[in-house]
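Summary of the model geometry
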Amino acid sequence: MTEKLFGVDFGTGGCKATVIDKEGNICASAFEEYPSEHKHPGWSEQDPSLWIDAFVKTVKSCRKQMKDGFDGLLALAVTASTHNAVLMDEAGKVIRPCIMWNDQRSGDQCNRLKAEYGSEIFRIGMQMPTPTWTLPQLLWVKEHEPESYAKVRRLMFTKDYVRSWVTGDFCTDVVDAQGSLLYDARKNVWSPELCGMIGLPLSVLPEIRGTKEIVGKVRAEVAALTGLPEGLPVIAGCSDTAAEDFSAGAVNAGQIIVKLATAGNVNLITDNAVPHEKSFTYPYSVEGKWYTVTATNSCASAYRWMRDALYPAEKELCEAKGEDVYMLMDEQASKAELGARGLIFHPYLLGERCPYFNPNARGDFFGVSMVHNKGDFARALLEGVAFSLYDCLQVLKNFTDNMEDIVIIGGGAKSPLWSQIVSDVFGLEVKMPEHAESSFGGALLAGVGVGAFANEMEAARKCIRMKRTYKPDPENHAKYEKIFAIYREIVEASAPIWEKLARIAND
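Reference entry: report on the structure contained in this document. (Residues numbered from 1 in each chain as written. Predicted model: local features only at pLDDT ≥ 70, side-chain atom pairs only at ≥ 80, totals over all residues. Heavy atoms only, no water.)

Considering unusual backbone geometry
To keep things clear, this is the line we draw: Per the convention used, a helix needs a DSSP run of H or I reaching at least four residues, while a strand needs a run of E reaching at least two, with both numbered from the N terminus. Using a 1.4 Å probe on the protein chains alone, a residue whose accessible area is under 20% of its type maximum counts as buried, one over 50% counts as exposed, and one in between counts as partly exposed.
Residue Pro 355 is bonded to the preceding Cys 354 through a cis peptide linkage, with omega at -5°. The residue Pro 355 is located in the loop between β19 (344-346) and β20 (364-366) in this model. One non-glycine residue, Leu 181, lies in the positive phi region at around 60°. Judged by relative accessible area, which is 1%, Leu 181 ranks as buried.

Here is the structure:
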């Protein structure tokens, strides 16, 4: 009987479940997509019931893929994107759709919070308020939907909502707590000062636990529905980023992780918290470490938008043949010239985080002419996201001079073309791990939590392997540097225009 570990991750676009053995080999995996709703420009919401449905489907699928099913399963971890608050009433019912991390509606609330409490928020929470954080999101709900806010008796984040359904617990971990901007990480408590700014009772917030602590066991009803063993230990889990960075082998200070997922991240592992106004600061899934996050809002989600907007017919044809339309898009992009014949894309489809932190930022294709075809647009999109990530890297240079230990992860990293473009834009070598996904990292953390591994270092040594290395072309990097300078000029010139567009959209 093979001993196994299970990780289930809830990304913005779907749920990925992964079962591994204690050597890091994949025993089973499954994915279930679910949608976000965008009712207004800059809005992004999800129905939490979709997460439960996706959990059940992916878990059952994994069980069917293994001859011995879940025999030998040691533990389960649930991870997810952070900042997403599920609001529940006294009866335990969800009050309204969940406002997601990439929602930009709370820009006005952020501006007022900065003006009135900015220095105190940064001192306690280690970040400045932007629409990503739960604190301003909740203030928006309080001001625009006071009847919903008054009903709140429990607040849970995505992974905690799902895990609570599995075990019946009511807790979160230190990483998701930090993602709320309601938490004092230095004292490891919910902050009365931060919660008091929006009149949020501390009683509605979950207990704070360690990422790898066992916080419950699989309930009988869930076991009957999914096939999971009743009584299976379940750890608290953490954010998808903290799990995914760990899955990439980032266990030491100074390591950099580039993530091409729904959003794009460039993260740095540190020994201590290093708060900065243009980055996010979190406790890490590796005990005693922290990580600094710089992030662009739209990465693989921008490519998905292009798929749906420009390639619907190709998508239908590819699906009929059992092929992936993204491979077709990559093929067309690879045939386009570097620089897409003067076409530049800014991926600000949902506003932007680092380094501009402007919810009114908007995406664009700049320089369109009659010479351009779909391949040019696809190439420009891949390059534009790489430029946005390169913008993020400039912020990390405030904290480290080491640019020699970089790994690239996320669904977008499966594209050799996109990964090479990132290497060329950065002018740096990047390595790609064999299995770098949040669900894989969650499974490893579950193993640490139940003692299958002595610690995170042992788990990484036994289970994490590098698959490929991308090396930059110096000539390509020199060309990209010139285009990047123009990319930034366009941002600077566009900022006042974005504000005018936002006023028109909101009238």
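Describing a nonpolar patch on the surface
Put simply, the rule reads: What goes into a patch is any residue over 30% in relative accessible area without a salt bridge, connected to like charges within 9 Å or, for nonpolar side chains (Val, Leu, Ile, Met, Phe, Trp, Tyr), within 5 Å. Note on areas: Shrake-Rupley, 1.4 Å probe, and residue coverage restricted to the protein chains presented here. By convention in these notes, a salt bridge is any Lys or Arg side-chain nitrogen within 4 Å of a carboxyl oxygen on Asp or Glu.
A surface patch of nonpolar side chains, amounting to about 300 Å² of accessible area, comprises Ile 497, Leu 501 and Ile 504. Here Leu 501 lies in helix α17 (residues 474-506). Judged by relative accessible area, which is 45%, Leu 501 ranks as partly exposed.

As for the side chain of Lys 212
Note the threshold: Under the rule applied, a polar contact is a pair of N or O atoms within 3.5 Å (in protein, one hydrogen donor and one hydrogen acceptor; residues adjacent in sequence only if both atoms are side-chain atoms). Here, residues are in contact when the closest pair of their heavy atoms is within 4.5 Å.
Tracing the chain through its elements places Lys 212 in the loop between β12 (207-209) and β13 (214-217). In terms of polar contacts, Lys 212 uses its side chain to reach the backbone carbonyl oxygen of Ser 285, at 2.7 Å. Discounting chain neighbours no more than four positions away, the residues touching Lys 212 are Ile 235, Ser 285, Glu 287, Leu 445, Val 448, Gly 449 and Glu 456.

Brief notes about the environment of Arg 468
Looking at the secondary structure, you find Arg 468 in strand β23 (residues 466-470). A C-alpha to C-alpha distance of 7.0 Å links Arg 468 and Pro 433, two positions 35 residues apart in sequence. Polar side-chain contacts of Arg 468 include one of 3.5 Å to the side chain of Tyr 470.

Re the pattern of salt bridges
Under the criterion given, the structure shown has 37 salt bridges. Note that Lys 57 is salt-bridged to Glu 32, the shortest N-O span being 3.8 Å. Here Lys 57, found in helix α1 (residues 49-65), pairs with Glu 32, found in strand β3 (residues 26-33); they are 25 residues apart in sequence, far enough to count as distant. The residue Arg 219 makes a salt bridge to Glu 221 at a minimum N-O spacing of 3.3 Å. Classification of Arg 219 by relative accessible area gives partly exposed; the value is 27%. In this structure Glu 221 comes out as exposed when scored by relative accessible area, which is 52%. Via salt bridges that share partners, Lys 39, Glu 45, Arg 96, Asp 103, Arg 105 and Glu 145 belong to a single interconnected network.

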